[in-house]
Structures are given as C-alpha cells and as structure tokens.
Amino acid sequence: MAKIVLIQGSLNPNSKTAIIVDETVQVLNQKDIEHKLIDLRNLQLQFCDGRKLEQYNEDLQNAYKLMEQAEGYIVAMPVYCYSVPGPLKNFLDITCSAMEKKCAGIICNAGGVMSYLASSELMKILSYEVHVLSVQPTVYSYGEDFEEGKIKNPKVISKIHDMLNSLLQII
Ligand SMILES: Cc1cc2nc3c(=O)[nH]c(=O)nc-3n(C[C@H](O)[C@H](O)[C@H](O)COP(=O)(O)O)c2cc1C
C-alpha cells in the first residue's frame, strides 16, 4: 500500500510543477517513505459527466484504487486563471471521493509571484467536498524559482521539507 500518493496536475510536457514533484519524490525516496506518483500526463483522461466510476477507463479506475489505498496525498497544481486548472479539477471530480477524510500537502506552481492564493481554491475543493484537510506550508513556486529546468531557489526546497514533515506528522 502506498502511504502517500502524489498527483501531478499539469499536462505541459515541460511542466515546472512536475519539477517540484520530482524533487518531492527524491525527498520521499531519501526518507524511505512509500509513495506512488499519478502524473496526469501519463493518463488517458476522460471528462467527468457524472457516470459511475466503473464506466470510466482503466487509467482512471486504477488511479482511484491507488488513491483509495493511500494514507495521505500531495496534490500539485499549476495555476491557471488564479485557480485550479481544468484537467486537474476534472480528475478530482472523478476521483476525489477516494480521498475522503484524509490529509493533503499542496504544491502550487504559477507564472507570477502574486498567485499564491490560487492554492486556496484547491484547499476549498478538498475540504468542502471530501473533508480533506490541507497541511501547511503550501509549497509555492513561480517562474523565477527555476533555471535550466532546475529549482534555483533554496526556499522552495526547504518548503518541500516543511510540507512533508507536516504531512507525515498527521498521517
Ligand atoms: C491558461 C493559463 C492561465 C494561467 N493563469 C495564470 C495565473 O492566473 N496566474 C499566474 O501566476 N500564472 C498563470 N499562468 C502561468 C502558469 O501558472 C505557469 O506557466 C506555470 O509554470 C504552469 O505550470 P506548469 O509549467 O507545471 O504547466 C497561466 C498559464 C496558462 C497556460
């Protein structure tokens, strides 16, 4: 059973959100913490239309099963229009019932420094819909935190450690 399931929510092939997620996975490996990654770029996504889970494709059903078994989550969102991007929201519409009453750490990656509160949109969805509490701090990054496909701001890496420590204390 995966203790932590990470959900990488950008479909961009050159995603910066995915860079933060990769770093988080490395820290989990160093700490020897069991985890599984769901990268939305690797799934065949279908639109949520209210059908039963069994009527979605295998990728979505498998993702749901993985999420059901987890003790906690790390949900990584790029910021689109000051909010959760459509594909991630759609994925959560289909699968978030698997997360009921557990805890999540949040990674939020934006273009600019001012979009921090977009992460509260994700917190609201998780909290109101499935009573998932989000731990603090949120890991926030934006364009200037990266250089040549790597994280250049040490504060971002330190936030990853802080977020993970908070999550691990709870689960
Ligand atoms: C449709 C769209 C809307 C965006 N809206 C915002 C925004 O509201 N605030 C912001 O800071 N950046 C915004 N951005 C920039 C993205 O957050 C930025 O490119 C980020 O790196 C995306 O994450 P990714 O590289 O993992 O895909 C937007 C980008 C797109 C494509």
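See the structure printed just above.
Since the model is a prediction, treat every value here as computed from it, not as a measurement. (Residues numbered from 1 in each chain as written. Predicted model: local features only at pLDDT ≥ 70, side-chain atom pairs only at ≥ 80, totals over all residues. Heavy atoms only, no water.)

A.B. asks: Would you mind going over helix α4 (residues 118-130) with me for this structure?
C.D. replies: The periodicity of an α-helix, 3.6 residues per turn, causes residues three or four positions apart to be oriented the same way. Its 13 residues give α4 an end-to-end C-alpha distance of 19 Å, which sits within 8% of 18 Å, the value for a rise of 1.5 Å per residue. Residues Ala118, Ser119, Leu122, Met123, Leu126 and Val130 constitute the buried set of α4. The arc that holds the buried residues of α4, viewed along the axis, is 165°, so those residues lie on one side. At its buried positions, α4 is contacted by β3 (72-78), α3 (86-95), β4 (103-110) and β5 (133-134). (Helix = DSSP H or I, 4+ residues; strand = E, 2+ residues; numbered from the N terminus. Expected span 1.5 Å × (residues − 1). Buried < 20%, exposed > 50% of the residue type's maximum accessible area, 1.4 Å probe, protein only. Arc of directions from axis to C-beta. Contact = heavy atoms within 4.5 Å.)

A.B. asks: In this structure, what is going on with the site of the ligand? I would like to understand it.
C.D. replies: Every one of the 15 residues lining the ligand counts as a neighbour, but Ser10, Ser15, Thr17, Val79 and Ser115 are closest to it. In the model, an oxygen atom of the ligand is placed 2.5 Å from a nitrogen or oxygen of the Thr17 side chain. Between Asn109 and the ligand, the recorded distance is 3.0 Å, taken from a side-chain N or O atom to an oxygen atom. For the ligand, whose unbound accessible area comes to 630 Å², protein coverage reaches 69%. Counting residues per element, the ones that place at least two in the shell around the ligand are α1 (16-30) and β4. Looking at the shell around the ligand residue by residue, the classes come out as 6 nonpolar, 8 polar and 1 charged. (Near = heavy atom within 4 Å. Polar contact = N/O pair within 3.5 Å; in protein donor to acceptor, adjacent residues only side chain to side chain. Areas by Shrake-Rupley, 256 points an atom, 1.4 Å probe, with all protein chains shown as cover. Nonpolar A, V, L, I, M, F, W, Y, C, P; charged D, E, K, R; others polar.)

A.B. asks: Please clarify how the nonpolar core should be interpreted in this entry.
C.D. replies: Grouped burial of nonpolar side chains is what soluble globular proteins tend to show. Core analysis: the biggest nonpolar cluster contains 34 residues, and Met67, Phe91 and Met99 have the highest contact counts within it. Those elements giving two or more residues to this core turn out to be β1 (4-8), α2 (58-69), β3, α3, β4, α4 and β6 (139-142). The greatest single-element share of this core, amounting to 5 residues, is contributed by α4. When residues no more than four places from it in sequence are discounted, the contact partners of Phe91 are Ile7, Ile38, Leu40, Leu43, Leu45, Leu60, Ala63 and Met67. (Core = buried A, V, L, I, M, F, W, Y, C linked by side-chain atoms within 4.5 Å.)

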